[in-house]
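# Structural overview
Below are the chains, spelled out letter by letter.
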Amino acid sequence: PEPRALVGVSLRPGAHRGARLKDTKTMRILIAEDDDETADHLAQALRAVGHGVSRTDNGVQALLMAMNEVFDVLILDRMLPGMDGLQVVKMLRAGG
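Below: a short report on this structure. (Residues numbered from 1 in each chain as written. Predicted model: local features only at pLDDT ≥ 70, side-chain atom pairs only at ≥ 80, totals over all residues. Heavy atoms only, no water.)

### Quick word on the overall build of the protein chain
To keep it simple, the criterion reads: Helix and strand assignments come from DSSP, with helices taken as H or I runs of at least 4 residues and strands as E runs of at least 2, each series counted from the N terminus. Throughout, exposure labels follow a simple rule: accessible area from a 1.4 Å probe, protein chains only, divided by the maximum for the residue type, with under 20% read as buried, over 50% as exposed, and the rest as partly exposed. Note on contacts: a residue pair qualifies if any of its non-hydrogen atoms lie within 4.5 Å across the two residues. Each accessible area value is a Shrake-Rupley result obtained with a 1.4 Å probe; residue values ignore everything except the protein chains displayed when judging cover.
Looking only at helices and strands, the protein chain has 3 helices and 4 strands in total. Starting at the N terminus and ending at the C terminus, the protein chain contains elements arranged as β-β-α-β-α-β-α. In the protein chain, which comprises 96 residues, the proportion classed as buried is 32%. For the protein chain, contacts bridging at least 24 residues in sequence account for 65% of all contacts bridging at least 6. Roughly 6,300 Å² of accessible area belongs to the protein chain as shown, and the carbon and sulfur atoms make up 53% of that amount.

### Structural notes on a negative patch on the surface
Let me state the cut-off plainly: Exposure above 30% relative accessible area and the lack of any salt bridge qualify a residue for a patch; like charges then connect within 9 Å, and the nonpolar side chains Val, Leu, Ile, Met, Phe, Trp and Tyr within 5 Å. Whenever a carboxyl oxygen of Asp or Glu lies within 4 Å of a side-chain nitrogen of Lys or Arg, that contact is scored as a salt bridge. When charges are tallied, Lys and Arg are placed among the positive residues and Asp and Glu among the negative ones, while His and the ends of the chain are skipped. Note that the charge is assigned to NZ on lysines, CZ on arginines, CG on aspartates and CD on glutamates.
Among the surface-exposed residues, Asp34, Asp35, Glu37 and Asp57 lie close enough to one another that they form a single negatively charged patch. Assignment of secondary structure puts Glu37 in helix α1 (residues 36-48).

### Some points on the pattern of salt bridges
The final tally for this structure, using the stated rule, is 3 salt bridges. For Arg28, the salt bridge is made with Glu69, and the minimal N-O distance between the two is 3.5 Å. Remark: Glu69 occurs in the loop between α2 (59-68) and β4 (73-77) and Arg28 occurs in strand β2 (residues 28-32); sequence separation between them is 41 residues. You can call Arg28 partly exposed: its relative accessible area is 31%. Judged by relative accessible area, Glu69 falls into the partly exposed class, the value being 35%. For Arg55, the salt bridge goes to Asp40, with nearest N and O atoms at 2.4 Å. Of this pair, Arg55 sits in strand β3 (residues 52-56) while Asp40 sits in helix α1, and the two are 15 residues apart along the sequence. On the basis of relative accessibility, which here comes to 33%, the residue Arg55 falls in the partly exposed class. The class for Asp40 is partly exposed, based on a relative accessible area of 31%. The network of salt bridges with shared partners includes Asp36, Asp40 and Arg55.

Here is the structure:
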């Protein structure tokens, strides 16, 4: 079944293959989530293990950030204001 709340997309094809937790390097992660409490928990947990985190609360801003900055992973809410997470993914895959 399709996830109900979050969609994750790795922007580096194959980056997850063969990766082990102890071998994981610091990643740049974009969190697009309009619920502040959820975004705060995600950001704190990811920063606690050394990842760089950027946040936004709307889909249009998420698309602009993903097009203009380098991220290893996007964590997108499905029901973002302005543009939903799936539409962000479709536009990025189509080249912006």
